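Reading the structure
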Amino acid sequence: QMTLGVMGGGQLGRMFVQAAQAMGYFTAVLDPDPASPAGLISHFHIQTAYDDEQGLAQLMQRCDAITTEFENVPAPALVTLGAHRPVAPSAPCVAVAQDRIKEKAHFLACAPVSGVYPAPYAAIESDELLAAVPADLLPGILKTARMGYDGKGQMRVSTREELASAWEQLGRVPCVLEKMLPLQSECSVIVARGTNGQVVSFPVQANTHRDGILATTEVYEGAVPADLAERAQASTVAIANHLHYVGVLCVEYFVVDNGTGGQDLVVNEMAPRPHNSGHYTQNACDMSQFEAQVRTLAGLPLPQPRQHSPAIMVNLLGDLWFEPNATHAERSERAVTPPWTQVLALPGTHLHLYGKLSARPGRKMGHLNITAPTVAQVRETAAQVLQLLGLRT
Ligand code: ATP
Ligand code: MG
Ligand code: MG
């Protein structure tokens, strides 16, 4: 019986475990949290720090192959694991995705092939580099090179003075300053690449964010203009190939006005794992992004996935578990259960909750996939769901 391991026990690890178990694999999760969503449902749960030598040794002993579910796994831990077991994605690939400076350099290297560039940017790692920032990068967004997610570790700056004080506030850690672009929309693409170099790609996802966190993903014909969708897919394949990537990779893109009435694509960042924007694949495709992750890890065949239903994914953040406008102090008394009975009475609604023991505003508690036979119907159901949940489109 083959055992598949995963570094990290969050919701992405949990859904990987579910996909692996559905296909008959045993699973092992390494996560220090005894209540981690993936650890709770896995055959083996190793509760140590990610860089703990004994924990890593146990994981290797248990597992035939190992993957990751978040990009901030210490790269040296992946090197250790990779010396003894197949690890996908590999330590060097994860290291690129962990560091915006390396990541953007990789995107620039791919641009001649992909035709898609990152936003104009400068790396800021010293006072000299700070002083040398070209004026046309302002107004911009200062982002820490490492560890940021859901818009954390980012500050918007308009002037050199603001830039200097923002860098102080972020602790003078390595950062990138990106030019602020007038975004028309955002999209992302998930690809899976096998050890043999075969790549398959999922349909392009149209994403909306609220407060820096993904709110909804829509995937159906016309959600992203066909020419942009084609370019985004080709770019993502080029980015994966150039890294000799193995596993599931998500790349995020911005759609901007190209100045001559058309639209242009800008590559934003990548995640070396399944992605929140790919959750719709669980109910709308004949292979989910998590099954693709299992297949690449286990060396199984990787046929091109097919989307069979128009889909909309709605993220379920912890805010839904509290009465609107409840203050921080009132939250414990004003906890509510979202109206699942009404939501699930609508056709084509698929509820996914992550088993997290406590809700906090902004915390990802679950998601709802909506499928329907037509685009009009999926949009209609989504409107009803958002109404029931008190979310605005
Ligand atoms: P994630 O949770 O997706 O990993 P993150 O914290 O790594 O997010 P980014 O994806 O870089 O952050 O940025 C978050 C959001 O901020 C983007 O989805 C986009 O809406 C906005 N944003 C980021 N960079 C720019 C930019 N250069 N110009 C305009 N808007 C931007
Ligand atoms: Mg990110
Ligand atoms: Mg992002």
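Keep in mind that this is a model prediction, so the values were computed, not measured. (Residues numbered from 1 in each chain as written. Chains lettered and ligands numbered in written order. Predicted model: local features only at pLDDT ≥ 70, side-chain atom pairs only at ≥ 80, totals over all residues.)

**Things to note about the domain arrangement of the chain**
Quick reminder of the rule: Here the limits of each domain have been adopted from an automatic or database domain assignment. Think of it this way: build a C-beta for each residue from its backbone, and any pair within 7 Å is a contact. Secondary structure elements follow DSSP: runs of H or I of four or more residues count as helices, runs of E of two or more count as strands, with numbering from the N terminus. Note on residue categories: nonpolar means Ala, Val, Leu, Ile, Met, Phe, Trp, Tyr, Cys or Pro, charged means Asp, Glu, Lys or Arg, and polar means any other residue, Gly included.
Per the domain assignment, the segments of the chain are domain 1 (3-87), domain 2 (120-179) and domain 3 (183-389). Every contact between the two is made by 19 residues of domain 1 and, on the other side, 17 residues of domain 3. Broken down by secondary-structure element, the contributors of at least two residues to the side of domain 1 that touches domain 3 are α1 (11-22) and β4 (65-68). For the side of domain 1 that touches domain 3, the element with the most residues is α1, which contributes 8 residues. When the residues that make up the side of domain 1 that touches domain 3 are grouped by side-chain class, the tally is 12 nonpolar, 4 polar and 3 charged.

**Observations concerning the sheet that holds strand β7 (residues 140-144)**
Note the threshold: Whether two strands pair depends on DSSP finding at least two bridges between them. Axis geometry follows a simple rule: fit a line to the C-alpha atoms, using only the stretch in contact for helices, then measure angles between N-to-C directions, giving values from 0 to 180 degrees.
Here we have 4 strands laid out as an open sheet, ordered β6-β9-β7-β8, and antiparallel in their pairing. In the strand order of this sheet, the two ends are held by β6 (121-124) and β8 (154-157), each with one partner. Across the sheet, the mean angle separating the axes of adjacent strands is 20° when strand polarity is ignored. Here 5 bridges tie β7 to strand β9 (residues 175-179), and the two strands are oriented antiparallel to one another. The residue bridging Gly140 from the neighbouring strand is Lys179, located in β9. Running at roughly 50° to β9, helix α5 (residues 100-114) makes contact with β6, β7 and β9 of the sheet. Contacts between helix α7 (residues 160-169) and the sheet are confined to β6, β7, β8 and β9, with β8 contributing the most and set at about 165° to the helix.

**Observations regarding the UniProt feature "domain: ATP-grasp" (unreviewed entry) in the chain**
Inclusion rule: UniProt positions are given in the numbering used here, feature names are shortened, and annotations may be inferred rather than shown by experiment.
Sites flagged by UniProt as "domain: ATP-grasp" (unreviewed entry) map to residues 108-298. Taken end to end, residues 108-298 is 28% helix and 35% strand, and its two terminal C-alpha atoms sit 32 Å from one another.

**A closer look at the packing of helix α3 (residues 75-82) against helix α4 (residues 91-98)**
Filter applied, for reference: Here the word oblique covers every angle except those under 35 degrees (roughly parallel), over 145 (roughly antiparallel) and from 65 to 115 (roughly perpendicular).
One can describe the packing of α3 onto α4 by two numbers: an axis separation of 9 Å at closest approach and a directional angle of 170°. Relative to α4, α3 is oriented roughly antiparallel. Along the contact surface, α3 presents Ala75, Leu78, Val79 and Gly82, while α4 presents Ala91, Val94, Ala95 and Gln98. When grouped by side-chain class, the residues that make up the contact of α3 with α4 number 6 nonpolar, 2 polar and no charged.

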